[in-house]
Amino acid sequence: MTADQIIRHAMLELDEDPGDMSEYDQRFRMYMNTGYQLILRQYYKPRETFVCHADENGRVNLDGFDIERVVEMRDKTGRCVPFGVCPDGCGMHQTAVRNQDVTVICQVNYPALESGLDVPRIPEHVHDALVSYICYKHLSGGNLAKQSRAQVYLQSFYEAMRMLRPMGAGSVTAYKNLYSATNI
């Protein structure tokens, strides 16, 4: 669904006239983007892969990308390499690789839905969760009956989030030296 279709669906769900969409557009778009960012950061956690160059000191510049966190780095042979954030906070990451390209797998964030034709970059079966979130936010500021109705929409939102699998879920994870580190 597009952003306008999501808002129109929320209007119908709330028994509002879709002809009055211009009245609610700004507020509903704000609710939709709040829910969208919540889904992206807390539940879906989208990942992208970048190829960057590590300089002669092993520093990789990731400044300018909309990155939430770096998940892993791999050298040109595909092996995982250790990395860390540079202490000076300049958007650089320090790695053991020197003077070569590294593949950086990152959890990213997507921009807000500004245009009415924008489509959320989440699975299609989760688009209805944005409708539920808009309805929840709209009704939660009302009287006791509306607040009670808002809780139904909030539960519907959380039910959809339980079905959503984050990107990278199910990946094989290896723990090296776990027992020596924990003294078990």
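Everything discussed here concerns the structure shown above.
To keep things clear, this report deals only with the structure shown in the data block. (Residues numbered from 1 in each chain as written. Predicted model: local features only at pLDDT ≥ 70, side-chain atom pairs only at ≥ 80, totals over all residues. Heavy atoms only, no water.)

Brief notes about the overall build of the protein chain
Working step 1: The helix and strand inventory of the protein chain stands at 5 helices and 7 strands.
Working step 2: Each helix and strand of the protein chain, placed in order from N terminus to C terminus, yields the pattern α-α-β-β-β-β-β-β-β-α-α-α.
Working step 3: A total of 184 residues make up the protein chain; the buried ones form 37% of that total.
Working step 4: Residue pairs in contact within the protein chain that sit at least 24 positions apart in sequence constitute 72% of those at least 6 positions apart. (Helix = DSSP H or I, 4+ residues; strand = E, 2+ residues; numbered from the N terminus. Buried < 20%, exposed > 50% of the residue type's maximum accessible area, 1.4 Å probe, protein only. Contact = heavy atoms within 4.5 Å.)

Some points on the pairing of strand β3 (residues 67-74)
Working step 1: Summarising the sheet, β3 and strand β7 (residues 100-108) pair through 6 bridges and their orientation is antiparallel. The residue bridging arginine 69 from the neighbouring strand is glutamine 107, located in β7.
Working step 2: Note: β3 against strand β4 (residues 80-81), 2 bridges, orientation antiparallel. Note on β4: the bridge partner recorded for methionine 73 is valine 81.
Working step 3: Linking β3 back to β4 in an antiparallel pair, the connection comprises 5 residues, with glycine 78 at a positive phi of about 95°. (Pairing = 2+ DSSP bridges.)

Re the pattern of salt bridges
Working step 1: Within the structure shown, the criterion is met by 6 salt bridges.
Working step 2: Notably, a salt bridge pairs arginine 29 with aspartate 4, separated by 3.1 Å at the nearest N-O pair. Separated by 25 residues along the polypeptide, arginine 29 in helix α2 (residues 21-44) and aspartate 4 in helix α1 (residues 3-13) bring together distant segments of the chain.
Working step 3: In this structure arginine 29 comes out as buried when scored by relative accessible area, which is 12%.
Working step 4: One salt bridge in this structure joins glutamate 68 and arginine 41, with 3.0 Å as the shortest N-O distance. Of this pair, glutamate 68 sits in strand β3 while arginine 41 sits in helix α2, and the two are 27 residues apart along the sequence.
Working step 5: On the basis of relative accessible area, glutamate 68 is assigned to the partly exposed category, the value being 34%.
Working step 6: For arginine 41, a relative accessible area of 38% puts it in the partly exposed group. (Salt bridge = Lys/Arg side-chain N within 4 Å of Asp/Glu carboxyl O.)

Focus on the packing of aromatic side chains
Working step 1: Summed over the entire model, instances satisfying the criterion amount to 5 aromatic pairs.
Working step 2: Ring centres of tyrosine 24 and phenylalanine 28 lie 5.3 Å apart, and the angle between their planes is 35°; on these two criteria the pair is classed as tilted. Of this pair, tyrosine 24 and phenylalanine 28 both sit in helix α2, 4 residues apart, which is roughly one turn of the helix. Residues tyrosine 24 and phenylalanine 28 agree in their burial class; the two are buried.
Working step 3: Here tyrosine 133 and phenylalanine 157 contribute two aromatic rings whose centre-to-centre distance is 5.1 Å and whose plane-to-plane angle is 50°, an arrangement assigned as tilted. (Phe/Tyr/Trp six-rings, centres within 6.5 Å; stacked < 30°, edge-to-face > 60°.)

Considering the side chain of glutamine 37
Working step 1: Structurally, the position occupied by glutamine 37 is in helix α2.
Working step 2: A polar atom in the side chain of glutamine 37 sits 3.2 Å from the backbone oxygen of tyrosine 110.
Working step 3: When neighbours within four sequence positions are excluded, glutamine 37 is seen to be in contact with Asn109, Tyr110, Pro111 and Ala112. (Polar contact = N/O pair within 3.5 Å; in protein donor to acceptor, adjacent residues only side chain to side chain.)

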